[in-house]
Amino acid sequence: MYEIARRYVVSAHEKNTHQGKGLVLVLQDLSAAAPEELRAKSSEEAAEDYCWSALVLSAAFGFRVTPGQRYFLYLVRQAWQLSLLSPEDWGQRLPGEYVGYCHLHHDMTWGLTFDDAVQEGSLVHSALVQYLEGIREQLLQSGSWEALLRQGERRLPYQQRVLTTALASSLRQSLALSGHAGVPPGVPALGSVLSLAQ
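Cut-offs used in this document
Residues numbered from 1 in each chain as written. Predicted model: local features only at pLDDT ≥ 70, side-chain atom pairs only at ≥ 80, totals over all residues. Heavy atoms only, no water. Axes fitted to C-alpha atoms, helices over the stretch in contact; angles between N-to-C directions. Helix = DSSP H or I, 4+ residues; strand = E, 2+ residues; numbered from the N terminus. Parallel < 35°, antiparallel > 145°, perpendicular 65-115°, else oblique. Left-handed = near helix turned anticlockwise from the far one by under 90°. Contact = heavy atoms within 4.5 Å. Nonpolar A, V, L, I, M, F, W, Y, C, P; charged D, E, K, R; others polar. Buried < 20%, exposed > 50% of the residue type's maximum accessible area, 1.4 Å probe, protein only. Phe/Tyr/Trp six-rings, centres within 6.5 Å; stacked < 30°, edge-to-face > 60°. Pairing = 2+ DSSP bridges.

Here's the deal with the packing of helix H4 (residues 43-58) against helix H6 (residues 123-142)
- Interhelical geometry of H4 versus H6 gives an angle of 115° and a closest axis separation of 11 Å. Taken together, H4 and H6 sit at an angle that is classed as roughly perpendicular. Note that H4 runs across H6; the crossing there is right-handed. Where H4 abuts H6, its residues Tyr50, Cys51, Trp52, Ala54 and Leu55 lie against Leu128, Tyr131, Leu132 and Ile135.
- Looking at side-chain class alone, the contact of H4 with H6 contains nine nonpolar, no polar and no charged residues.

Dropping the structure here:
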């Protein structure tokens with residue numbers, strides 16, 4: 001716990017708190033994001049959870065997320081954006097291409113259900129393929145999923161860093177429950193996840 005707190009001391013100062021109160025807030029945020037309802041997962045399940053959770057956590061959003069709430073993912077000018085508003089709520093003012101809806105599970109992984117319009121050849125499909133290729137390349141360079149998470153979290157805003165720490169803890173514990181040492185160095189096939197109707 002002390003190692004985690006030390007990583008967030010800078011973030012506590014960013015919150016403009018005084019007299020060390022920021023560290024208390026960081027610890028409260030980490031405690032609130034602690035994974036619950038963990039279950040054993042296969043290494044393939046963990047790899048898939050990592051890929052799609054990392055995608056959602058790389059999206060721009062400026063609000064606190066809670067487990068069980070539905071959120072909506074968009075591709076806006078080649079960047080991922082998470083929103084509280086559905087395509088219907090946006091109406092004609094849709095901010096970009098709709099990717100699908102997602103929700104934060106109590107184990108701090110993200111579920112992502114792709115929109116039917118995400119078909120091979122679509123802009124979103126191409127962006128997802130590019131994302132997975134980038135993950136694969138980064139994985140080769142970093143050597144493990146945990147190293148990749150640690151590298152990626154440095155560039156994330158505070159809230160996403162807290163959630164990334166919770167994701168790493170969740171995957172580590174779920175794999176330990178199933179007797180696996182770590183997430184395999186692989187990326188799920190996009191076609192099988194999308195279940196594209198051809």
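Now that the structure is up, let's keep going.
Topic: the side chain of serine 86
- Tracing the backbone through its elements, the reader meets serine 86 in the loop between strand E2 (79-83) and helix H5 (87-90).
- Owing to a relative accessible area of 8%, serine 86 belongs among the buried residues under this scheme.

Quick word on the packing of aromatic side chains
- Taken as a whole and assessed by the stated rule, the structure comprises six aromatic pairs.
- Ring centres of tryptophan 52 and phenylalanine 114 lie 5.3 Å apart, and the angle between their planes is 80°; this geometry places the pair in the edge-to-face category. Of this pair, tryptophan 52 sits in helix H4 while phenylalanine 114 sits in strand E4 (residues 110-114), and the two are 62 residues apart along the sequence.
- Looking at tryptophan 52, the relative accessible area reads 4%, which means it is buried.
- With a relative accessible area of 11%, phenylalanine 114 lands in the buried category.
- Ring geometry for phenylalanine 61 versus phenylalanine 63: centroids 5.3 Å apart, planes at 45°, classification tilted.
- By relative accessible area, phenylalanine 61 is classed as buried at 11%.
- Members of the aromatic cluster, joined through ring pairs, are Phe61, Phe63, Tyr71 and Trp110.

Some details on the pairing of strand E3 (residues 97-104)
- Judged from the six bridges that link them, strand E1 (residues 70-76) and E3 form a sheet pairing that is antiparallel. Bridge assignment links tyrosine 71 to a residue of E3, and that residue is cysteine 102.
- With five bridges connecting them, E3 and E4 associate as antiparallel partners. Looking across to E4, one finds that cysteine 102 is bridged to leucine 112.
- Counting the residues that bridge the hairpin from E3 to E4 gives five residues, and of these methionine 108 lies at a positive phi of roughly 70°.

By themselves, these are just geometric observations and shouldn't be taken as functional.
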